[in-house]
Amino acid sequence: MRLVMLGPPGAGKSTQAQRAAAKYGIPHLSAGVLLRTAVASDAPVGALAKDAMARGDLVPDDIVQAIVFERLDGPDTHNGFILDGFPRTIAQAKALDRFLRDRGLGLGAVIELKAKDHALVERIAARNANAVACREPRRIDDNAEVLRSRIHTYQRQTSPLLDYYRRQGILHSVDGMLPIAEVEQEIDRIVARLQIERVPDSDV
Ligand code: AMP
């Protein structure tokens, strides 16, 4: 099962991707985590990514694609994966389609978590407060100003993906404002339907 989680920052993509990954026994691949790891490792690409991330801009497509595709070719993705935060541009979506097609594969579903802007700001503030309470490192891009930029970036560069995947017939939208457990149930229903509809031997 190959899934993509789509939605603005703070919509709950990572929370839901983690839950689904644990439940379905497939890896959760977060582009943001892969990029933050590259930045922390002082890899040359990390330096290029760091400034864009701190501003709330997107990291250039070629850098993200190289990091994500290397991970997707890892040994633990044979039964599928849940992509969180990738793709974020039409160019990335097309590159992902090509990457999978070259391997005789395709996406099973793209799950959009819908959320209202004011709720995103509140959620990111809560994520920050939680990080402080747990003495975890705070993300440099989790502040009000950068968050506004990230929401704007989502609307401008990522939301066109909704139509792209709608046209492919694989977009499923879920109300991300519902409590976490209800969002999870909605996602479970989508996945269950996919499994029922799946043509035997198809590989989505
Ligand atoms: P996230 O952890 O998903 O909120 O991502 C944190 C930041 O990493 C984003 O604000 C971007 O700067 C960068 N980033 C994550 N995924 C991508 C992507 N697919 N394309 C470009 N930049 C990305």
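Residues numbered from 1 in each chain as written. Predicted model: local features only at pLDDT ≥ 70, side-chain atom pairs only at ≥ 80, totals over all residues. Heavy atoms only, no water.

Caption draft 1: A look at the overall build of the chain. Helix and strand content of the chain: nine helices and five strands. The secondary structure elements of the chain, listed N-terminal to C-terminal, are β-α-β-α-α-α-β-α-β-α-α-α-β-α. In summary, the chain has a C-alpha radius of gyration of 16 Å against a globular reference of 17 Å for 204 residues, a match within 12%. C-alpha atoms of the chain, sized along the principal axes, occupy 50 × 40 × 30 Å. Across the 204 residues of the chain, 46% fall into the buried class. Considering only intrachain contacts with a sequence separation of at least 6, the fraction spanning at least 24 residues in the chain is 75%. (Helix = DSSP H or I, 4+ residues; strand = E, 2+ residues; numbered from the N terminus. Rg over C-alpha atoms; globule rule 2.2 N^0.38 Å. Buried < 20%, exposed > 50% of the residue type's maximum accessible area, 1.4 Å probe, protein only. Contact = heavy atoms within 4.5 Å.)

Caption draft 2: Region of interest: unusual backbone geometry. Each neighbour pair has its own omega, and for Phe86 with Pro87 the value is 0°, a cis peptide bond. The residue Pro87 is located in the loop between β3 (81–84) and α5 (90–102) in this model.

Caption draft 3: Representation of the sheet that holds strand β5 (residues 171–175) in the model. Judged by pairing direction, the sheet is parallel, and its five strands sit side by side in the order β2-β3-β1-β4-β5 without closing on themselves. Looking at strand neighbours, the two that pair on one side only are β2 (28–30) and β5, the edges of this open sheet. When the angles between neighbouring strand axes are averaged without regard to direction, this sheet yields 20°. (Pairing = 2+ DSSP bridges. Axes fitted to C-alpha atoms, helices over the stretch in contact; angles between N-to-C directions.)

Caption draft 4: How the structure looks around the side chain of Gln16. Following the sequence through the fold, Gln16 ends up in helix α1 (residues 13–24). Relative accessible area serves as the criterion here: at 4%, Gln16 is assigned to the buried category. There is a polar contact of 3.1 Å between the side chain of Gln16 and the backbone oxygen of Ile180. Residue contacts for Gln16: discarding those within four places in its chain leaves Met5, Leu113, Ile180, Val183, Glu184 and Ile187. (Polar contact = N/O pair within 3.5 Å; in protein donor to acceptor, adjacent residues only side chain to side chain.)

Caption draft 5: Geometry of the packing of aromatic side chains. Within this structure, the stated rule accounts for three aromatic pairs. Here the aromatic rings of Phe69 and Phe86 are separated by 5.8 Å at their centres, their planes lie at 85°, and the arrangement is edge-to-face. Taken together, the residues span a long stretch of sequence, with Phe69 in helix α4 (residues 61–72) and Phe86 in the loop between β3 and α5 at a distance of 17 residues. Taken as a pair, Phe69 and Phe86 share a single burial class, namely buried. Consider the rings of Phe69 and Phe99, whose centres lie 4.5 Å apart with planes at 15°: the pair is stacked. Residue Phe69 is located in helix α4, and its partner Phe99 is located in helix α5; the two are separated by 30 residues in the primary sequence. Residue placement shows Arg103 over the ring face of Phe99; its charged tip is 3.7 Å from the ring centre. (Phe/Tyr/Trp six-rings, centres within 6.5 Å; stacked < 30°, edge-to-face > 60°. Lys NZ or Arg CZ within 6 Å of the ring centre and 35° of its normal.)

Caption draft 6: The arrangement of the pairing of strand β1 (residues 2–6) in detail. Most of β1 sits out of view: five of its five residues are buried. Across the two faces of β1 the burial is the same, with Arg2, Val4 and Leu6 and Leu3 and Met5 all buried. As paired strands, β1 and β3 are joined by four bridges and run parallel to one another. Pairing of Met5 across the sheet is with Asp84, part of β3.

Caption draft 7: Broad picture of the site of the ligand. Around the ligand, the structure places 16 residues, and the nearest of them are Asp57, Gly85, Arg88, Gln92 and Arg139. Contacts to the ligand include Asp57, whose backbone N or O atom sits 2.6 Å from an oxygen atom. Arg88 is positioned such that a nitrogen or oxygen atom in its side chain is 2.7 Å from a nitrogen atom of the ligand. Alone, the ligand offers 490 Å² of accessible surface; in the complex the protein occludes 96% of this. (Near = heavy atom within 4 Å. Areas by Shrake-Rupley, 256 points an atom, 1.4 Å probe, with all protein chains shown as cover.)

Caption draft 8: Layout of the pattern of salt bridges. Per the counting criterion, the structure on display carries nine salt bridges. Of the charged contacts in the structure, one is a salt bridge between Glu184 and Lys23, with a shortest N-O distance of 2.7 Å. Taken as a pair, Glu184 in helix α9 (residues 180–197) and Lys23 in helix α1 lie far apart in primary sequence, 161 residues in all. Judged by its relative accessible area of 18%, Glu184 is buried. (Salt bridge = Lys/Arg side-chain N within 4 Å of Asp/Glu carboxyl O.)

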